Amino acid sequence: MAVSSCSKVFSSASFECRSDPDFSAPPPRFENLRSRCRLETASFSDAAASATPISLSPAEVAGDEDVVVVAAAEEEEDGNGTVQFKGSVDTFSYSSLTDASKTIHAAERLGRGIVTDAITTPVVNTSAYFFKKTADLIDFKEKRQVSFEYGRYGNPTTVVLEEKISALEGAESTLIMASGMCASTVLLMALVPAGGHLVTTTDCYRKTRIFIETILPKMGISATIIDPADVGALESALEQHNVSLFFTESPTNPFLRCVDIKLVSELCHKKGALVCIDGTFATPLNQKALALGADLVVHSATKYIAGHNDVLGGCISGPDKLVSQIRNLHHVLGGTLNPNAAYLIIRGMKTLHLRVQQQNSTGLRMAKILEAHPKVKRVYYPGLPSHPEHELAKRQMTGFGGVVSFEIDGDLMTTIKFVDSLKIPYIAPSFGGCESIVDQPAIMSYWDLPQSERAKYGIHDNLVRFSFGVEDFEDLKDDILQALEAI
Ligand SMILES: Cc1ncc(COP(=O)(O)O)c(C=O)c1O
């Protein structure tokens, strides 16, 4: 890699490329941007300038990433037109907050690199960022100056969302994208080399399985598919193949099976394989996959994280090194999240802890009621002792979420009658939001397959997936009981 200094560039007649293409650089972190924000902070208006200005000081935050230092300062002109601040210093560290408070404040309160007194994070609607002069651009290219550059590589609103998710996951870095599928497909392509091998599980979101079984083979990538609890099958796959990655949901869709994250991480790491957990059903509150040993955690932010059935998004959290590797490909493929969507997700996350608490409680109470009901054949919910991984779920989760899958004691038509008799939930293909949603997977997700093919995935005609929203528990219970009465 040929590298030249800024002065060499200016003295040279020809303008050479000085570096290999590198798209993996994360968007600027806010502590780096604060130096740029400082002067503007003092110059909102005359009134603001005469009142005690507040400045975020990069020097004072250096070395402590999530401590935001606020200087409640007096301003002083240094003779060169630059306003300097001096005075008392307050610190605000969100790392010491509980998850409930992090969902509200992390990456936002005093911590974002956008200059404003607004309580809420502004939406920065721009596709590109300008440089005041070419020397600044060259400084940026030579990594002497940080800046945003182009909308596909980062956006200040989006970075707030990424840092908020990192705070909840205990991750060094998070990459947000246009959808959950975008996140998992880019991750798989970035981390499994052409001709490589991965391990995944039988029960999972159908589109993820389709990608692994039909798209990845075009790159020579093969997969071993194991039962989520079959540790022996994982061990033999690790023995027989050069496995790059174990990619699994936990809990899985739609049977809410759980994978022993600590154990599989130990086994995979011994063989040099990475572990990625799609924790969409768990939420970043009910399960800390990284703390349990996984290398990466993925979410469809469309579901609980955004929580309002109004926006799509997907995220990947983990160590800087791995996330940068994925970011590199993402910046080329371009599944960028729009900043307006990022704002909606940030706003949705303010109530994540309240929603998830309510959904955990309703999910568990309704699972018990359904299991005891004579017209229900079987219930799949990790919070029930009848669930095959109940003990594991209790160890690695702090709540079991708002989705309950169950089989009606009847056939396709009886199950349709039950679904159509419900008054509160929408018949729709998502979950995790405020509005309750019900779907019959045989129809919603597997209707293109004959019944015998569907059965291979355990998807029988009488299966119902119910996502409890945040409506009143008694209303939901009454609705389900009347719909069961109707069949
Ligand atoms: C477990 C899981 N992961 C990923 C996805 C894909 O997310 P999205 O719909 O945001 O692309 C889904 C969608 O339902 C899912 O259930």
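Under the annotation held in an unreviewed UniProt entry, the protein chain carries the name plant cystathionine gamma-synthase and is attributed to Arachis duranensis. Quoted straight from UniProt, the Sequence similarities (unreviewed entry) entry for the protein chain says "Belongs to the trans-sulfuration enzymes family."

**Student:** What am I meant to see in the site of the ligand here?
**Tutor:** Around the ligand, the structure places 14 residues, and the nearest of them are Gly-180, Met-181, Asp-278, Ser-300 and Thr-302. Contact distances for the ligand include 3.0 Å between an oxygen atom and a side-chain N or O atom of Asn-253. About the coverage of the ligand: the protein hides 93% of its 390 Å² of free accessible area.

**Student:** What is the right way to read the environment of Thr-248 from this model?
**Tutor:** Within the fold, Thr-248 resides in strand β7 (residues 243–249). The spatial distance from the C-alpha of Thr-248 to the C-alpha of Val-259 is 7.9 Å, given a sequence separation of 11 residues. At 3.1 Å, the side chain of Thr-248 forms a polar contact with the side chain of Thr-201.

**Student:** Is there a simple way to explain helix α8 (residues 180–191) in this structure?
**Tutor:** Note: α-helices contain 3.6 residues per turn, so residues at a spacing of three or four share the same orientation. Taking 1.5 Å of rise per residue, the 12 residues of α8 would be expected to cover 16 Å, and the 17 Å separating its terminal C-alpha atoms lies within 8% of that figure. Counting buried positions along α8 gives 10 out of 12 residues, so the element sits mostly inside the fold. Measuring from the backbone nitrogen of Met-181 back to the side-chain oxygen at the start of α8 gives 3.4 Å, which picks out Ser-179 as the cap.

**Student:** Got a minute to help me understand the packing of helix α16 (residues 352–371) against helix α21 (residues 473–485) in this structure?
**Tutor:** The packing of two helices is summarised by the inter-axis angle and the distance between the axes. Remark: α16 packs on α21, axes separated minimally by 11 Å, with the N-to-C direction vectors making an angle of 30 degrees. One element, α16, and the other, α21, form an angle in the roughly parallel class. Every pair of crossing elements has a handedness; the one defined by α16 and α21 is right-handed. Counting all contacts with α16, which are made through Gln-358, Thr-362, Arg-365, Met-366, Ile-369 and Leu-370, the residues of α21 involved are Phe-473, Glu-474, Leu-476, Lys-477, Ile-480, Leu-481 and Leu-484.

**Student:** In this structure, what is going on with the nonpolar core? I would like to understand it.
**Tutor:** In this structure, Leu-370, Val-379, Val-404, Phe-406, Phe-418 and Ile-480 are the most contacted members of the largest nonpolar core, which totals 28 residues. Among the elements of the structure, α16, β11 (376–380), α17 (390–396), β12 (403–408), α18 (412–421), β15 (463–467) and α21 are those that each provide at least two residues to this core. Looking at this core element by element, the count peaks at 5 residues for α21. Setting aside anything within four residues of it in sequence, one finds Ile-480 in contact with Met-366, Leu-370, Phe-418, Leu-422, Phe-466 and Phe-468. Core analysis: the second largest hydrophobic core is formed by 25 residues, Ile-176, Leu-285, Ile-305 and Leu-337 among them.

**Student:** Is there a simple way to think about the pairing of strand β5 (residues 197–201) in this case?
**Tutor:** Note on strand geometry: in a regular strand, side chains alternate between the two faces of the sheet. Of all 5 residues in β5, 5 are buried, a share of seventy percent or more. Side chains His-197, Val-199 and Thr-201 project from β5 onto one buried face, and the interleaved Leu-198 and Thr-200 project onto a second face that is buried too. When β5 meets strand β6 (residues 222–226), the two strands line up parallel, connected through 5 bridges. Along β6, the bridge assignment pairs Leu-198 with Ala-223. A crossover connection joins β5 to the parallel β6 through helix α9 (residues 206–215); in handedness this β-α-β unit is right-handed. Direction of pairing for β5 relative to β7: parallel, over a ladder of 3 bridges. By the bridge assignment for β7, His-197 is matched with Val-243.

**Student:** Before we go on, may I ask you to explain the pattern of salt bridges in this structure?
**Tutor:** A side chain of one charge can pair with a side chain of the opposite charge if their charged atoms are brought near each other. One pass over the full model with this rule turns up 18 salt bridges. With its nearest N and O atoms 4.0 Å apart, the salt bridge here joins Arg-144 to Glu-142. You can call Glu-142 buried: its relative accessible area is 17%. Measuring nitrogen to oxygen at the nearest pair gives 3.4 Å for the salt bridge that ties Lys-477 to Glu-474. On the criterion of helical spacing, the pair formed by Lys-477 and Glu-474 is a turn pair, its members being 3 residues apart in helix α21. Within this structure, Glu-108, Lys-164 and Lys-350 form a network of salt bridges that share partners.

**Student:** In this structure, what is going on with the sheet that holds strand β4 (residues 173–177)? I would like to understand it.
**Tutor:** Strand order in the open sheet formed by 7 strands is β4-β10-β9-β8-β7-β5-β6, with mixed pairing between adjacent strands. This sheet does not close on itself; its edge strands, each paired only once, are β4 and β6. In this sheet, neighbouring strand axes are inclined to one another by 20 degrees on average, regardless of whether the strands run parallel or antiparallel. As defined by bridge partners, strand β8 (residues 274–278) adjoins strand β9 (residues 296–300) across 3 bridges and the pair is classed as parallel. Paired with Cys-276 across the two strands is Leu-296, which belongs to β9. Against the sheet, helix α7 (residues 156–169) touches β4, β9 and β10 (314–318), its axis set at about 130 degrees to β4. Strands β4, β8, β9 and β10 of the sheet are contacted by helix α14 (residues 320–333), whose axis makes an angle of about 25 degrees with β4.

What counts as what
- Residues numbered from 1 in each chain as written.
- Predicted model: local features only at pLDDT ≥ 70, side-chain atom pairs only at ≥ 80, totals over all residues.
- Heavy atoms only, no water.
- UniProt positions renumbered as here; feature names shortened; annotations may be inferred.
- Near = heavy atom within 4 Å.
- Polar contact = N/O pair within 3.5 Å; in protein donor to acceptor, adjacent residues only side chain to side chain.
- Areas by Shrake-Rupley, 256 points an atom, 1.4 Å probe, with all protein chains shown as cover.
- Helix = DSSP H or I, 4+ residues; strand = E, 2+ residues; numbered from the N terminus.
- Expected span 1.5 Å × (residues − 1).
- Buried < 20%, exposed > 50% of the residue type's maximum accessible area, 1.4 Å probe, protein only.
- Axes fitted to C-alpha atoms, helices over the stretch in contact; angles between N-to-C directions.
- Parallel < 35°, antiparallel > 145°, perpendicular 65-115°, else oblique.
- Left-handed = near helix turned anticlockwise from the far one by under 90°.
- Contact = heavy atoms within 4.5 Å.
- Core = buried A, V, L, I, M, F, W, Y, C linked by side-chain atoms within 4.5 Å.
- Pairing = 2+ DSSP bridges.
- Right-handed = clockwise from strand over helix to strand, strands pointing away.
- Salt bridge = Lys/Arg side-chain N within 4 Å of Asp/Glu carboxyl O.

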